[in-house]
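As a plain string of letters, each chain reads:
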Amino acid sequence: MKKYAILLLIALMPVFTNAQELSDLEKEILERIDANHAEQLDFLETNVNINSGTMNFDGVRRIGENYIEAFGDLGFETEWVNQDHVNRAGHFFAEQEGNSGRKILLIGHLDTVFEEDSPFQEFEMLDENTAKGPGVNDMKAGNVMILYAIKALKEAGAIPDAQIIVALTGDEEDAGTPRSESREHLIEAAKRSDVGLGFETASGFNYAVVARRASYSWLLETTGKQAHSSGIFSESTGAGSVYEASRIVNSFYEELREENLTYNVGVMIGGNEVTYDEENMRGTVSGKTNIVPKKTIVHGGIRFLTMEQGERAFDRMEEIASENLPNTTASLRINEGGYPPMEPTEGNMALLAMLDELSQDMGLGEVEPFDPAKRGAADISFVANYIDGLDGLGAMGSGAHGPNETVNLETYKELTKRAALLIYRIVNEE
Ligand SMILES: [Zn+2]
């Protein structure tokens with residue numbers, strides 16, 4: 001009987017330990033999130049009901065105004081950063097100055113993929129734990145989470161002297177170009193910070209993003225000698241542009257494979273007369289079955305985890321492209337200005353360890369790194385070079401970018417609480 005009681009006690013111990021792992025101030029922060037939660041959900045609904053497709057500049061700005069008011073009320077300096085010069089709505093920034101602990105940058109985006117002509121426009125409760133709406137999961141719930149985490153921290157007096165910058169970009173889904181200009185303010189904020197947290201959608205309680213792959217594009221152009229097809233393979237005619245492009249593309253397929261590296265051929269167009277519009281990815285072609293083709297264009301993308309991996313792949317691609325078939329040429333261009341990688345640095349892993357410990361202190365389980373091959377690039381990628389970072393700290397949900405996008409409200413409050421305490425612990429860490 002006694003032995004049984006001890007076993008039972010051991011089984012219950014984690015629960016008791018967890019409660020004790022949070023300080024009184026941390027518990028108070030959690031109480032503030034409980035107290036404000038109904039208001040948090042209202043604010044989410046209000047913002048989802050304002051269309052903010054990337055190209056709906058008025059809508060993006062209107063949501064920005066809601067945040068200007070909300071963060072202004074919390075004593076933050078707010079700013080709307082105009083982006084007319086890159087044909088985008090602009091970005092919201094808010095800042096509290098401070099000197100204690102590590103300086104933090106919180107990242108979200110105001111825009112969604114649903115423009116004004118989309119049939120999907122409204123917030124709707126599907127059941128008590130699920131809300132549906134355009135951008136509700138990607139990532140209006142994440143933005144609102146940042147606000148209500150900060151609000152609880154302010155009300156509890158937990159961040160009196162911390163430097164906190166909130167950046168909600170207006171064009172994450174389709175960033176203005178050149179990106180050196182559309183991401184200039186975000187990068188500038190990162191340079192003044194130590195840690196960046198991204199509130200893109202969460203993949204459950206037990207995963208966070210410590211790495212995101214880079215996304216670049218490339219363009220290959222091959223030429224051949226235009227001639228009658230009866231002479232193909234002869235010394236004077238050679239192979240033609242299409243065989244040369246095919247050789248290169250097939251060698252990419254066969255020879256470049258490695259973990260975390262993927263590359264895709266999006267468009268391939270070859271013949272005698274070819275025009276191609278790279279920006280819009282469309283073109284025209286004509287040729288004849290009895291003419292050896294003069295020109296072929298191949299346009300593709302490539303994703304990689306580290307710059308070292310990317311550069312190694314680019315070198316091998318160049319090498320493959322240079323081994324020309326008879327009487328052909330090939331030129332390969334890797335386009336700079338894509339999404340840089342967020343590499344899985346030691347600093348990022350240390351942040352993950354902090355979140356893992358906090359999560360266990362809260363009784364929410366362990367947190368592991370999410371597989372970078374399963375997620376696309378995001379705004380945090382642009383600042384990953386300057387600060388330690390974690391992403392995927394936003395709300396859980398499903399169907400992002402589709403007509404059935406939902407957010408899980410059952411886990412929303414707990415994720416907001418965990419985010420608030422993570423911010424608290426980071427800004428109080430020397
Ligand atoms: Zn997003």
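Keep in mind that what you see is a predicted model, and the values were worked out from it rather than measured.

Could you clarify how one ought to interpret the coordination of the zinc ion in this entry?
For a metal bound by four donors in a tetrahedral arrangement, the ideal donor-metal-donor angle is 109.5 degrees, while six donors in an octahedral arrangement ideally sit at 90 or 180 degrees. Protein-derived ligands of the zinc ion are H109 (NE2), D138 (OD), E200 (OE) and E200 (OE), with the metal-ligand distances lying across 1.9 to 2.6 Å. With 4 donor atoms in place around the zinc ion and angles of 54 to 148° between them, the coordination shape is irregular. Mapping the donors of the zinc ion onto the primary sequence yields the spacing H-x28-D-x61-E. Of the two residues, H109 sits in strand β3 (residues 104-109) while E200 sits in the loop between β7 (195-198) and β8 (207-208), which places them 91 residues apart along the sequence. With respect to class, H109 is no different from E200; both count as buried.

Just checking my understanding: could you explain the sheet that holds strand β1 (residues 77-81) for this structure?
Hydrogen bonds between backbone groups are what pair the strands of a sheet, and the pairing can be parallel or antiparallel. One open sheet accounts for 6 strands, arranged β1-β2-β6-β3-β7-β18; its pairing is mixed. Among the strands making up the open sheet, the edge pair consists of β1 and β18 (388-390). Geometrically, the sheet is characterised by an average inter-axis angle of 15° between neighbouring strands, direction not taken into account. Strand direction decides the pairing type here: β3 and strand β6 (residues 164-169), joined by 6 bridges, are parallel. Following the sheet pairing, L106 is matched in β6 by V166. Sitting on the sheet, helix α3 (residues 57-73) is in contact with β1, β2 (91-96) and β6, with an inclination near 165° to β1. Where helix α4 (residues 136-155) meets the sheet, it contacts β2, β3 and β6, and its direction lies at approximately 145° from that of β3.

Is there a simple way to explain the pattern of salt bridges in this structure?
Pairing is possible between side chains that carry opposite charge, provided their charged atoms lie close to one another. Taken as a whole, this structure holds 26 salt bridges when the rule is applied. One salt bridge connects E39 with K151, and the closest N-O pair in it is separated by 3.2 Å. Here the residue E39 occupies a position in helix α2 (residues 24-48), and K151 occupies one in helix α4, the gap between them amounting to 112 residues. Judged by relative accessible area, which is 36%, E39 ranks as partly exposed. Members of the salt-bridge network, linked through shared partners, are R32, E39, K151 and E155.

Can you walk me through the packing of aromatic side chains in this structure?
The description of an aromatic ring pair rests on the distance of the ring centres and on the angle between the ring planes. Counted according to the given criterion, the structure contains 14 aromatic pairs. Ring geometry for Y207 and F370: centres 5.8 Å apart, planes at 80°, overall edge-to-face. Of this pair, Y207 sits in strand β8 while F370 sits in the loop between β17 (368-369) and α10 (380-383), placing them 163 residues apart in sequence. Residue classification places Y207 among the partly exposed positions, given a relative accessible area of 36%. Classification of F370 by relative accessible area gives buried; the value is 17%.

Conventions used here
- Residues numbered from 1 in each chain as written.
- Predicted model: local features only at pLDDT ≥ 70, side-chain atom pairs only at ≥ 80, totals over all residues.
- Heavy atoms only, no water.
- Donors = N, O, S within 2.8 Å, 3.2 Å for Na, K, Ca; no water.
- Tetrahedral: all angles 85-135°; square planar, octahedral: opposite > 155°, others 65-115°.
- Helix = DSSP H or I, 4+ residues; strand = E, 2+ residues; numbered from the N terminus.
- Buried < 20%, exposed > 50% of the residue type's maximum accessible area, 1.4 Å probe, protein only.
- Pairing = 2+ DSSP bridges.
- Axes fitted to C-alpha atoms, helices over the stretch in contact; angles between N-to-C directions.
- Contact = heavy atoms within 4.5 Å.
- Salt bridge = Lys/Arg side-chain N within 4 Å of Asp/Glu carboxyl O.
- Phe/Tyr/Trp six-rings, centres within 6.5 Å; stacked < 30°, edge-to-face > 60°.

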